[in-house]
Amino acid sequence: MSETPATDWMQELFSSIEVGIVVLDRAFTVEVWNQFMENHSALTSEAVCGDSLFTHFPEIDEKWLRAKAGPVFDLNTPVFLIWEQRQYLFKFGSTRPVTTSTEYMYQNVTMFPLLNADKGVDRLCMLVYDVTDQALGKTRVEQLNEELKVMSRIDGLTGLYNRRYWQERFDYTFKLAQRRNKPITALMLDIDHFKKVNDTYGHQAGDKVIQALAQVIKKSVRETDLAGRYGGEEFAIILTDSDSTNATKVAERIRALSEAEVVTHEDDTIRFTVSLGLAEYCPDCHSSMQWLELADQALYDAKQNGRNQFCIRTYDASQGGQR
Ligand SMILES: Nc1nc2c(ncn2[C@@H]2O[C@H](COP(=O)(O)OP(=O)(O)OP(=O)(O)O)[C@@H](O)[C@H]2O)c(=O)[nH]1
C-alpha cells in the first residue's frame, strides 16, 4: 500500500476544513489563505497572498484590528473576536436561505501567535469560524424571551396589562409618588350588573362587553397612564400627573362612552354602563394597598349611589383614613 505524503494530506485538510485559515506577518501581509477564505471572499490565494490584508478588505477597521492583534505579537497570547461585539471581521455573504434575517455571515475569530525558530513572534494565525447558525439561534431565543416577557404582562382577552403587572407598576408608582411632588390618581371601575349580561346573553357576549370596555378605556387615557384588567369585569388605571379633579374628566369620558357603546352579539344588541371610583395619592397613605382601597371604596360609593357614575374618596387621617 502506497503512503500519501504528509504534505498532500495536510494540504487536503487545509482545503476541506470548514474554518477560515489566514496567516499574517507583522505588517498584516497575507501569507496563507485557505480554501474556505477563497470560497467566501471569491479571491484566490494567489490574488491575496503577498498583499496587505487591508488592500483587499477595506471594510476592516485597520486601527482597531492592529490594536486587537497587539497582544498576539507583543505578549504571545491568543486573542478572540466574538460576533456579539462585531458581527464579522470579513464581510462575507450569508450562505443561509434568504428567509433568514441576516445578509452577512456571523463570525468568531481566534488569533494566535506562530513562533519562529528563536521563539519570537513574526506571524499570527487567524481562524475564522462561521457561527451564523448559533448567532441566529441565540438572537431568535432572545427575541422569543422578549416576546414572552411582553406577553406575560398582557391580559389575553383585552390587551390591557394583567393584574400582576399592573399591581407591580402601581406599587412602583406609589413609591415614586412618595418622592415626587406631582399628583397621581388611582381609578377603579367595574361594569354594572354584569352578571345579568352573562345570564341573559351568555358568557361569550359578556366577553365581548369586557373587550368593548377595554377599547373605551384605551381611547380615554393618555399614553403615560397605565390601564389594567384587575379582575373579571373590574379595571384599574393609574392616571399620572392628574389630581382627582382632572381625573374626573377621564372618569366621565369612560362613563359616557361606555353608556353610548353598543355591543352586538349574534342577534342581540347589548348596552352597558360602568361605575368608577377615584382616589388621589396623599402623603398620609401608608401603603399602595391603602391607596387602592380608597379608590375601591369610592367605586363602592358609586355602586351604592345608583351606578353609572363616578365617586371620589380623599384620605382623612382623623377619620381612620377615609372620607
Ligand atoms: N363573560 C365573562 N364574565 C366574567 C368574567 N370574569 C368575571 N365574570 C362575571 O362577572 C360577573 C360579576 O358579577 P358581580 O360581581 O355579581 O357584579 P355585577 O353583576 O356586575 O354587579 P355590580 O358590580 O354590583 O353592578 C360574574 O357573573 C362573573 O362570572 C369574564 O372574563 N368573562
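Now for a quick tour of the structure.

Quick notes on the rules
- Residues numbered from 1 in each chain as written.
- Predicted model: local features only at pLDDT ≥ 70, side-chain atom pairs only at ≥ 80, totals over all residues.
- Heavy atoms only, no water.
- Helix = DSSP H or I, 4+ residues; strand = E, 2+ residues; numbered from the N terminus.
- Contact = heavy atoms within 4.5 Å.
- Pairing = 2+ DSSP bridges.
- Axes fitted to C-alpha atoms, helices over the stretch in contact; angles between N-to-C directions.
- Salt bridge = Lys/Arg side-chain N within 4 Å of Asp/Glu carboxyl O.
- Buried < 20%, exposed > 50% of the residue type's maximum accessible area, 1.4 Å probe, protein only.
- Core = buried A, V, L, I, M, F, W, Y, C linked by side-chain atoms within 4.5 Å.
- Near = heavy atom within 4 Å.
- Polar contact = N/O pair within 3.5 Å; in protein donor to acceptor, adjacent residues only side chain to side chain.
- Areas by Shrake-Rupley, 256 points an atom, 1.4 Å probe, with all protein chains shown as cover.
- Nonpolar A, V, L, I, M, F, W, Y, C, P; charged D, E, K, R; others polar.
- Phe/Tyr/Trp six-rings, centres within 6.5 Å; stacked < 30°, edge-to-face > 60°.

Notes on the side chain of His 265
Topologically, His 265 is positioned in strand β9 (residues 263-265). Other than its neighbours up to four places away in sequence, His 265 contacts Tyr 201, Gln 204, Ala 205, Lys 208 and Ile 270.

Description of the sheet that holds strand β1 (residues 20-25)
Sheet architecture is open: five strands sit in the order β2-β1-β5-β4-β3, paired in antiparallel fashion. Strand pairing shows two members of the sheet lacking a second neighbour, β2 (30-33) and β3 (79-81), which therefore form its edges. Neighbour-to-neighbour, the strand axes of this sheet turn through a mean angle of 20 degrees, independent of strand direction. In this structure, β3 lies alongside strand β4 (residues 107-115), joined through three bridges in antiparallel fashion. When the sheet's bridge partners are listed, Leu 81 is paired in β4 with Val 109. Together, β1, β3, β4 and β5 (121-130) form the strand contacts of helix α5 (residues 62-74), whose direction differs from that of β5 by roughly 120 degrees.

Some points on the pattern of salt bridges
A full pass over the atoms with the stated rule returns 14 salt bridges. A salt bridge links Asp 74 to Arg 26, with the shortest nitrogen-to-oxygen separation between them at 3.7 Å. Taken together, the residues span a long stretch of sequence, with Asp 74 in helix α5 and Arg 26 in the loop between β1 and β2 at a distance of 48 residues. Judged by relative accessible area, Asp 74 falls into the exposed class, the value being 59%.

Overview of the sheet that holds strand β6 (residues 184-191)
Pairing is mixed in the open sheet, where five strands are placed in the order β7-β8-β6-β11-β12. Two strands lie at the open edges of the sheet, namely β7 (226-229) and β12 (310-313), each paired on one side alone. Across this sheet, the average inter-strand angle for adjacent strands is 20 degrees, counted without regard to direction. For β6 and strand β11 (residues 274-280), the ladder comprises seven bridges, and the chain directions are antiparallel.

Let's talk about unusual backbone geometry
The phi angle at Asn 76 is positive, at roughly 60 degrees, despite the residue not being glycine. Residue placement: Asn 76 occurs in the loop between α5 and β3. Given a relative accessible area of 39%, Asn 76 falls into the partly exposed group. Despite not being glycine, His 193 shows a phi value in the positive range, around 45 degrees. Locating His 193 in the fold gives a position in the loop between β6 and α8 (194-201). By relative accessible area, which is 47% here, His 193 ends up partly exposed.

What to know about the nonpolar core
Within the largest apolar cluster, 29 residues are counted, with the highest numbers of intra-cluster contacts made by Leu 189, Leu 213, Ile 217, Ile 237 and Ile 254. Counting only elements with at least two residues in this core, the list comes to β6, α8, α9 (203-220), β8 (234-240), α10 (244-260) and β11. No other element matches the eight residues that α9 contributes to this core. Look past the residues within four positions of Ile 254 in its chain and what remains in contact with it is Leu 189, Leu 213, Val 216, Ile 217, Ser 220, Ile 237, Val 274 and Leu 276. Counting 28 residues, the second-largest nonpolar core is a separate cluster that includes Ile 60, Leu 65, Leu 89 and Phe 92.

Section: the site of the ligand
Surrounding the ligand, one finds 16 residues, the nearest of these being His 193, Phe 194, Asp 207, Arg 229 and Lys 303. In this structure, an oxygen atom belonging to the ligand sits 2.9 Å away from a side-chain N or O atom of Arg 307. Protein contacts shield 66% of the accessible area of the ligand, which totals 670 Å² for the unbound molecule. Put simply, the parts of the chain that give the shell around the ligand at least two residues each are β6, α8 and α9. Top element by residues in the shell around the ligand is α9. It accounts for four residues. Looking at the shell around the ligand residue by residue, the classes come out as three nonpolar, five polar and eight charged.

Digging into the packing of aromatic side chains
Applying the stated criterion across every chain, the model contains 15 aromatic pairs. With a centroid separation of 5.9 Å and an interplanar angle of 75 degrees, the aromatic rings of Trp 33 and Phe 90 are classed as edge-to-face. Here Phe 90 lies in the loop between β3 and β4 and Trp 33 lies in strand β2, a separation of 57 residues in the sequence. Neither Trp 33 nor Phe 90 differs from the other in exposure class; each is buried. Centroid distance Phe 170 to Trp 291: 4.6 Å. Interplanar angle 35 degrees. Geometry classified as tilted. Here the residue Phe 170 occupies a position in helix α7 (residues 163-179), and Trp 291 occupies one in helix α11 (residues 288-304), the gap between them amounting to 121 residues. By relative accessible area, Phe 170 is classed as buried at 0%. Within the aromatic cluster, the residues linked to one another by ring pairs are Trp 166, Phe 170, Phe 174, Tyr 230, Tyr 281 and Trp 291.

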